[in-house]
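Structural description and commentary
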Protein chains: 2
Amino acid sequence: MQLFYAHKIEASKAFLDPEETRHCTKTLRKNINDIISFTDGCGGMYAGKIVDFNKKSCTLEILKTLETSDKRNFKLHLAIAPTKNINRLEWFLEKATEFGIDEVTFLLCQRSERKKIRLDRLEKVVLSAAKQSLKSIFPKVNDLTKFKDFIPQAKADFKGIAHCNTPDLPHLKNVLQQEVTEILILIGPEGDFSDAEVALTKEHGFEEIGLGTSRLRTETAGLAACHTVHLLHA
Amino acid sequence: MQLFYAHKIEASKAFLDPEETRHCTKTLRKNINDIISFTDGCGGMYAGKIVDFNKKSCTLEILKTLETSDKRNFKLHLAIAPTKNINRLEWFLEKATEFGIDEVTFLLCQRSERKKIRLDRLEKVVLSAAKQSLKSIFPKVNDLTKFKDFIPQAKADFKGIAHCNTPDLPHLKNVLQQEVTEILILIGPEGDFSDAEVALTKEHGFEEIGLGTSRLRTETAGLAACHTVHLLHA
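Quick caveat: nothing in here was measured; it's all calculated off a predicted structure. (Residues numbered from 1 in each chain as written. Chains lettered and ligands numbered in written order. Predicted model: local features only at pLDDT ≥ 70, side-chain atom pairs only at ≥ 80, totals over all residues. Heavy atoms only, no water.)

For the rest of this paragraph, the subject is the overall build of chain A. Per the secondary structure count, chain A includes seven helices and eleven strands. In terms of its C-alpha atoms, chain A occupies a principal-axis envelope of roughly 60 × 35 × 30 Å. Of the contacts made within chain A by residues no fewer than 6 positions apart, 75% connect residues no fewer than 24 positions apart. For chain A, the accessible area works out to roughly 11,000 Å², and carbon and sulfur atoms hold 47% of it. (Helix = DSSP H or I, 4+ residues; strand = E, 2+ residues; numbered from the N terminus. Contact = heavy atoms within 4.5 Å. Areas by Shrake-Rupley, 256 points an atom, 1.4 Å probe, with all protein chains shown as cover.)

All names here are of chain A. By domain assignment, chain A separates into domain 1 (3-65) and domain 2 (75-233). Using C-alpha coordinates to define each centre, domain 1 is positioned 32 Å away from domain 2. With 13 residues of domain 1 in contact, the opposing surface of domain 2 contributes nine residues. Taken together, the two surfaces of domain 1 and domain 2 that pack against each other cover about 760 Å², and 61% of this comes from carbon and sulfur. Counting the surface domain 1 buries against domain 2, the share from its top three residues, Leu3, Tyr5 and Gly41, is 50%. Among the secondary structure elements, those contributing two or more residues to the side of domain 1 that touches domain 2 are strand 1 (3-10) and helix 1 (18-27). A class-by-class count of the residues in the side of domain 1 that touches domain 2 yields five nonpolar, five polar and three charged. (Domains from an automatic or database assignment. Buried area = accessible area lost by both parts, 1.4 Å probe. Nonpolar A, V, L, I, M, F, W, Y, C, P; charged D, E, K, R; others polar.)

With that settled, the discussion passes to the side chain of Thr83 of chain A. Residues and elements named next belong to chain A. Here Thr83 lies in the loop between strand 6 (75-80) and helix 2 (86-99). Owing to a relative accessible area of 1%, Thr83 belongs among the buried residues under this scheme. Thr83 has contacts with Arg88, Leu89, Arg114, Glu190, Thr218 and Glu219, leaving out every residue within four places of it along the chain. (Buried < 20%, exposed > 50% of the residue type's maximum accessible area, 1.4 Å probe, protein only.)

Our next topic: the nonpolar core. The biggest cluster of nonpolar side chains holds 74 residues, and the ones touching the most others in it are Phe106 and Ile185 of chain A together with Phe106 and Ile185 of chain B. Not counting residues up to four positions away in its chain, the partners in contact with Ile185 of chain A are His77, Leu78, Ala79, Phe158, Gly160, Leu172, Ile209, Ala225 and Val229 of chain A. (Core = buried A, V, L, I, M, F, W, Y, C linked by side-chain atoms within 4.5 Å.)

All right, on to the interface of chain A and chain B then. On the side of chain B, 28 residues touch chain A, which itself brings 28 residues to the contact. Of the roughly 2,600 Å² buried between chain A and chain B, counting both surfaces, carbon and sulfur atoms make up 47%. Linking chain A with chain B are six salt bridges, by the criterion used here. Close ionic contact of Arg217 of chain B with Glu94 of chain A constitutes a salt bridge, the shortest N to O distance being 3.6 Å. Counting only elements with at least two residues in the side of chain A that touches chain B, the list comes to helix 2 and helix 7 (218-233) of chain A. A per-element tally of the side of chain A that touches chain B places helix 7 of chain A first, with eight residues. Taken together, the residues of the side of chain A that touches chain B break down into ten nonpolar, nine polar and nine charged. (Salt bridge = Lys/Arg side-chain N within 4 Å of Asp/Glu carboxyl O.)

Residue and element names in this part refer to chain B. Overall, the coordinates contain zero disulfides over all chains when judged by the stated rule. Take Cys42: it sits in no disulfide, and the sulfur closest to it among the cysteines is that of Cys226, at 19 Å. Here Cys58 is not disulfide-linked; the sulfur of Cys24 is the nearest cysteine sulfur, at 4.9 Å. For Cys58, a relative accessible area of 0% corresponds to the buried category. (Disulfide = S-S within 2.5 Å.)

This brings us to the packing of aromatic side chains. Counted under the stated rule, the structure contains seven aromatic pairs over all chains. The interplanar angle of 45° and the centroid separation of 5.4 Å between the aromatic rings of Phe147 of chain B and Phe193 of chain B together place this pair among those described as tilted. Highlighted residues: Phe147 of chain B in helix 4 (residues 147-153) and Phe193 of chain B in the loop between strand 10 (182-187) and helix 6 (195-203), separated in sequence by 46 residues. Residue Phe147 of chain B is classed as buried on the basis of its relative accessible area, which comes to 4%. The ring of Phe15 of chain A carries the charged tip of Lys8 of chain A above its face, separated from the ring centre by 5.0 Å. When the ring centre of Trp91 of chain B is taken as origin, the NZ or CZ atom of Lys95 of chain A, which lies over that ring, is 5.0 Å away. (Phe/Tyr/Trp six-rings, centres within 6.5 Å; stacked < 30°, edge-to-face > 60°. Lys NZ or Arg CZ within 6 Å of the ring centre and 35° of its normal.)

Under the criterion given, the structure shown has 30 salt bridges over all chains. Two residues, Glu94 of chain A and Lys95 of chain A, come together in a salt bridge whose shortest N-O distance is 2.9 Å. Between Glu208 of chain B and Lys202 of chain B there is a salt bridge, and its shortest N-O distance comes to 2.9 Å. Accessibility expressed as a relative area gives 48% for Lys202 of chain B, which makes it partly exposed. Among the charged side chains, a salt-bridge network with shared partners connects Arg88, Arg217 and Glu219 of chain A together with Glu94, Lys95 and Glu98 of chain B.

As a further point, take the sheet that holds strand 9 (residues 158-162) of chain A. All names here are of chain A. Taken in spatial order, the six strands line up as 8-7-6-10-9-11 in an open sheet, and their pairing is parallel. Lying at the two open borders of the sheet, with one neighbouring strand each, are strand 8 (140-146) and strand 11 (207-209). Taking the axes of each pair of neighbouring strands and ignoring which way they run, one obtains an average angle of 25° across the sheet. One ladder, built from four bridges, connects strand 6 with strand 7 (residues 103-108); its direction is parallel. When the sheet's bridge partners are listed, His77 is paired in strand 7 with Glu103. Helix 2 contacts strand 6 and strand 7 of the sheet and is inclined by roughly 155° relative to strand 7. (Pairing = 2+ DSSP bridges. Axes fitted to C-alpha atoms, helices over the stretch in contact; angles between N-to-C directions.)

For the pair chain A and chain B, the superposition axis carries a translation of 0.0 Å, the fit reaches an RMSD of 0.0 Å, and the rotation angle comes to 180°. Taken together, these values place the two copies in the relation of a two-fold axis. The fraction of interface residues of chain A whose copies in chain B are also interface residues reaches 100%, indicating that both copies meet through the same surface. (Least-squares fit on C-alpha atoms with pLDDT ≥ 70 in both.)

Dropping the structure here:
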């Protein structure tokens, strides 16, 4: 099954943006009256008939709603310091999208080596991974935010900070309750969070957590947290 | 901490191979009497003093045994069809090594697109990931093996085949008992295992398992299986 992304839905019509239109009508040579599957990225998945297209837009008539397999009974938000090597960050985004995640925020921490990201490029990684893995819910990707600005306004039922400064922190799987529905987890940069950063999170109700005995790279820790939350709810 | 790999240990002496010697004495400019940490890749980790080196070899006097954090109460063997894109396979190996895995076998399946691998290159990925994540146990990497040759001789207390041909297979986390110590899990190629392949495994005592509701790429499924086994034992 090939899944497209419709950026706009109005009554019984849906619309593909220029890039999706090109992919659909040029690369895959779909034509008027062909039926395709598409999602709005917010939980809706549909079958639709191509009723009109030009170079920049493709109009679909919605025929029916399709069943999706990625409905979750929790909301997962990961805030992660971008890795120095951008490929590692893109890899993390692809895999987290495959597993299923609702929101990703990039954190600018005290020990961050990377201080800039290209949000548009990262959003493309997410879109491509979401379509490939047939997701109907696309993660929201937030721009780089200063750690000290993010922490005081961060809201979730469970707020955890994963770090390695303290040995033998309780494992996320033993701390997180299955009933908790809004989950936020922080993952630090290559040099980990500073003690001052950990202290700030504790002032704002975050729990310190571990992710096992292995020394994990930033992007691996992010994925381990994401997969752990999924397993607890599976 | 910087970890080196000693390919030979004899009584109180350990030896680095040409590549590790170059890295240690040339790149990092270690010299006679410097003390370094090294592992034999089989669970032993040591501190040792450089007592002699030339271009091709470095001799260490073992000073003491170091504590390791990667002792496991289980043995995990993943047999996986190599992905068409070799980067995805290398990524899987790096991450599985980071989490901790004992053995990887590459499977040549009916629907495999990739029919060749460069084992020496993949072994280098494993070595580098193991050193980076301070592992004292290095995974054994086995060459490409025909599926029908591998299955009849495969031995483990728990043998599972993860596939998507049947909906709603029981999740690995609900099937695997924590007490089981030898675990073998099969992960198929991009087009999944064929029905005939699944049938063959069932004849040989494999259980069919699922890894959740998301449609996962081969390398992501491999990592999900690896991480699930770790979480169950954490």
